[in-house]
Amino acid sequence: MKLYAQQIFTDTGWQSDKTLVIEEGVITAINSGFEEGATRLKGPVIPGMSNCHSHAFQRAFVGMSEQGSEGQDSFWTWRKVMYGFLGQINPDQLQTIATQLYIEMLKAGYTNVGEFHYLHHQSDGKHYQNLAEMSSQIFKAADNAGIALTHLPVAYQYSGFGSQPANPGQCRFINDADQFNQLVSNCFDLSKEYAESRVGIAPHSLRATDLPMLNDILGHVKSLDASAPIHIHIAEQQQEVNDSLAFSQKRPVQWLYDNIDVDQHWCLIHATHLTQSERQGIAKSKAVAGICPTTEANLGDGIFPTTEYLEDDGVIAIGSDSHISVNPIEELRWLEYAQRLIKQQRAILATSEQASVGANLWQRAVQGGAQSLGRNCDSISVGKKADLLVLDENKVSLFAHQSQHILDSFIFASHQNPVRDVFVAGNWVVEDGRHHLEDSSAEQYRNVLKTLSAAL
Ligand SMILES: [Zn+2]
């Protein structure tokens, strides 16, 4: 397969008049000029974005928790409503919800998703005959949609620091270490059936696991794949920090680094509440900070110290988490805007080497996202997966006439989705803004939503 574009954002910046040669999903050459047989793409080409953090089922719950009660709502009241909702979802419904979500992700420019999956069991907590039943629905949904998947089954055993017993609302999540390791092994088997997939693990949080469990499950996954991605929610809420201090006299990030060897395979989701030394420690370890700006805003979590962390040369990725927004543009726009509002300055997340905030953020989030999900898609260059977005030249030309402004306009001034075409490993999954399953998926999804809403 050959694709020709007038402008391509490669690992060395914008290049013009190039033909990409793609074999078995991988870019094998970037040649100058138009090559015989190439398809002419209708706009600038940029690398697809990795979405490092998704809970697919939560897509069906967005907008149902936005009615306030005299300023008393918080992450914890939101979680209570969310627990009531997830009790009902069956395997078929999960597949429908996830398929719809993944189509939406592709159309918005995400080509790769990390599914932090914790809805494992039946509503009463009994496991399905197939322990990986719900995981299998996620694999099928990603395959239906054509998005690359890093499946991250979640280890969840406790309701709070100090191995407190889980509460009834959490019964669909719970596995002990042995059962969890079996689930992970089953997911590795499942992954062999799907080309663009891999498996890692996600200890849910330090609230939901303890040190013996962490050591056990890390040992197991590393025996299957030494480079498996490891994701964890951490320091999202001030209350979590307070509980951690009460339990161990250590803050969550401090406790994690004191007890576990955290390296570049780790992704710390949120990591909102950090001291300077915790922030520097994450950057030094080369772990990824998985930031979810729209969810963190929606849940009132707080603001990640992005400016200082990037000055420490920290690695970032972005995620849509609760899916209150499914749009990488909005995540990156708010990553920058939150810093501007705090510091009362402009164009903050740029560097002396990369003066364009948009280009800097897109490139860093693509690289960190690829690292966090363990996929070979960190840039458009030879040897990398052909995960590509084509921006609509008609829309882009309303905002930018020079290459150096395209990604700034894309992130800060796009009010209609400018993603025209999407390729995942060379497969053309969105063409002229349309996904071939979008109508049938939306219809099935509406029916599921009606059923679930009626039972609330
Ligand atoms: Zn999350």
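Refer to the structure printed above.
Bear in mind the structure is a predicted one, so any value in this text is a computation, not a measurement.

Draft legend 1. Seen up close, the overall build of the protein. Helix and strand content of the protein: 15 helices and 20 strands. For a compact globule of 456 residues, the expected C-alpha radius of gyration is about 23 Å, and the protein comes in at 21 Å, within 12% of that figure. For the protein, the C-alpha atoms occupy an extent of roughly 65 × 50 × 45 Å along the three principal directions. Burial statistics for the protein: of 456 residues in total, 59% are counted as buried. Element-wise, carbon and sulfur atoms account for 46% of the exposed surface of the protein, whose accessible area totals about 17800 Å². Taken together, the 33 basic and 52 acidic charged side chains of the protein have centroids lying 2 Å from each other.

Draft legend 2. View of the pairing of strand β17 (residues 388-391). Residues Leu 388 and Val 390 point to one face of β17 and Leu 389 and Leu 391 to the other, with burial holding for every one of them. Relative to β17, strand β5 (residues 45-47) runs antiparallel, the two sharing three bridges. Bridge pairing in β17 places Val 45 opposite Val 390. The pairing of β17 with strand β18 (residues 419-424) spans four bridges and is classified as antiparallel. Bridged to Leu 391 within β18 is Val 419.

Draft legend 3. Quick peek at the coordination of the zinc ion. Protein-derived ligands of the zinc ion are His 53 (NE2), His 55 (NE2), His 233 (NE2) and Asp 321 (OD), with the metal-ligand distances lying across 2.1 to 2.6 Å. Read from N- to C-terminus, the donor residues coordinating the zinc ion fall into the pattern H-x1-H-x177-H-x87-D. Residue His 55 is found in the loop between β6 (49-54) and α1 (75-86), and its partner Asp 321 is found in the loop between β16 (315-318) and α11 (328-343); the two are separated by 266 residues along the sequence. In this structure, His 55 and Asp 321 share a single accessibility class: buried.

Draft legend 4. Main features of the packing of helix α7 (residues 252-259) against helix α8 (residues 276-285). Remark: α7 packs on α8, axes separated minimally by 9 Å, with the N-to-C direction vectors making an angle of 45°. Looking at the two axes, α7 sits oblique to α8. By crossing handedness, the relation of α7 to α8 is classed as left-handed. Along its contact with α7, which presents Pro 252, Val 253, Gln 254 and Tyr 257, the element α8 presents Glu 278, Gly 281, Ile 282 and Ser 285. Residues of the contact of α7 with α8, tallied by class, amount to four nonpolar, three polar and one charged.

Draft legend 5. Expanded view of the pattern of salt bridges. One pass over the structure, following the stated rule, counts 21 salt bridges. Note that Glu 196 and Lys 385 form a salt bridge whose closest N and O atoms lie 3.2 Å from each other. In this pair, Glu 196 is assigned in the loop between α4 (177-191) and β11 (197-199) and Lys 385 in the loop between α12 (357-373) and β17, connecting sequence segments 189 residues apart. Measuring nitrogen to oxygen at the nearest pair gives 2.7 Å for the salt bridge that ties Glu 308 to Lys 343. Note that Glu 308 is positioned in helix α10 (residues 306-311) and Lys 343 in helix α11, a separation of 35 residues in sequence. By sharing partners, the salt bridges in this structure join Lys 107, Arg 434, Glu 438 and Asp 439 into a single network.

Cut-off values and rules
Residues numbered from 1 in each chain as written. Predicted model: local features only at pLDDT ≥ 70, side-chain atom pairs only at ≥ 80, totals over all residues. Heavy atoms only, no water. Helix = DSSP H or I, 4+ residues; strand = E, 2+ residues; numbered from the N terminus. Rg over C-alpha atoms; globule rule 2.2 N^0.38 Å. Buried < 20%, exposed > 50% of the residue type's maximum accessible area, 1.4 Å probe, protein only. Areas by Shrake-Rupley, 256 points an atom, 1.4 Å probe, with all protein chains shown as cover. Lys, Arg positive; Asp, Glu negative; His and termini not counted. Charge placed at Lys NZ, Arg CZ, Asp CG, Glu CD. Pairing = 2+ DSSP bridges. Donors = N, O, S within 2.8 Å, 3.2 Å for Na, K, Ca; no water. Axes fitted to C-alpha atoms, helices over the stretch in contact; angles between N-to-C directions. Parallel < 35°, antiparallel > 145°, perpendicular 65-115°, else oblique. Left-handed = near helix turned anticlockwise from the far one by under 90°. Contact = heavy atoms within 4.5 Å. Nonpolar A, V, L, I, M, F, W, Y, C, P; charged D, E, K, R; others polar. Salt bridge = Lys/Arg side-chain N within 4 Å of Asp/Glu carboxyl O.

Distances and angles like these do not, on their own, reveal function.
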